[in-house]
Amino acid sequence: MAPISCGGSVRANCAACGLATRVRRLRGRYDETNEADMSEYHVVRQGVDEVTLQKLLEPAFHDVEVQCYRSTQSGALQALGERFGPATTFGLFARNPR
């Protein structure tokens, strides 16, 4: 798949860039020249995950809750993603310190 340039008109290219990014991520391929892809690869895909963080917090807190949810900048895609798509982001709530 040829890379899509994200220069020029933001409206014209934003959907194409988003789609191209989503396809690369689903295939497990990352564009080393794309800052968003490298953040995804190094932060999310290489061990910073909700299960590891939950286990790290459990000895220090009585209640540790993981909330997974869908997050995107597009209102229309957010509504569709919440209904049909997988969770893309997580939050941790640690309460009642030991």
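Residues numbered from 1 in each chain as written. Predicted model: local features only at pLDDT ≥ 70, side-chain atom pairs only at ≥ 80, totals over all residues. Heavy atoms only, no water.

1. Side note on the overall build of the chain
Thought 1: The helix and strand inventory of the chain stands at four helices and two strands.
Thought 2: Sequence-ordered secondary structure for the chain, helices as α and strands as β, is α-α-α-β-α-β.
Thought 3: The buried share of the chain, taken over its 98 residues, is 14%.
Thought 4: Contacts in the chain between residues far apart in sequence, at least 24 positions, make up 45% of those at least 6 positions apart.
Thought 5: As presented, the chain carries roughly 7,600 Å² of accessible surface, and 55% of it is formed by carbon and sulfur atoms. (Helix = DSSP H or I, 4+ residues; strand = E, 2+ residues; numbered from the N terminus. Buried < 20%, exposed > 50% of the residue type's maximum accessible area, 1.4 Å probe, protein only. Contact = heavy atoms within 4.5 Å. Areas by Shrake-Rupley, 256 points an atom, 1.4 Å probe, with all protein chains shown as cover.)

2. As for the side chain of Gln 78
Thought 1: Tracing the backbone shows Gln 78 in helix α4 (residues 75–84).
Thought 2: Within the structure, Gln 78 has its side chain in polar contact with the side chain of Glu 82 (distance 2.7 Å).
Thought 3: Setting aside chain neighbours within four positions, we find Gln 78 in contact with Arg 70, Ser 71 and Thr 72. (Polar contact = N/O pair within 3.5 Å; in protein donor to acceptor, adjacent residues only side chain to side chain.)

3. Brief notes about the confidence of the model for the chain
Thought 1: Per-residue confidence for the chain gives a mean pLDDT of 74, with 71% of residues at or over 70.
Thought 2: The spread of mean pLDDT over the elements of the chain runs between helix α2 (residues 35–44), the lowest at 62, and strand β1 (residues 61–69), the highest at 90.
Thought 3: Confidence drops under pLDDT 50 across residues 1–12; counting only partners more than four residues distant or on other chains, this segment forms 11 contacts. (pLDDT = per-residue confidence, 0-100.)

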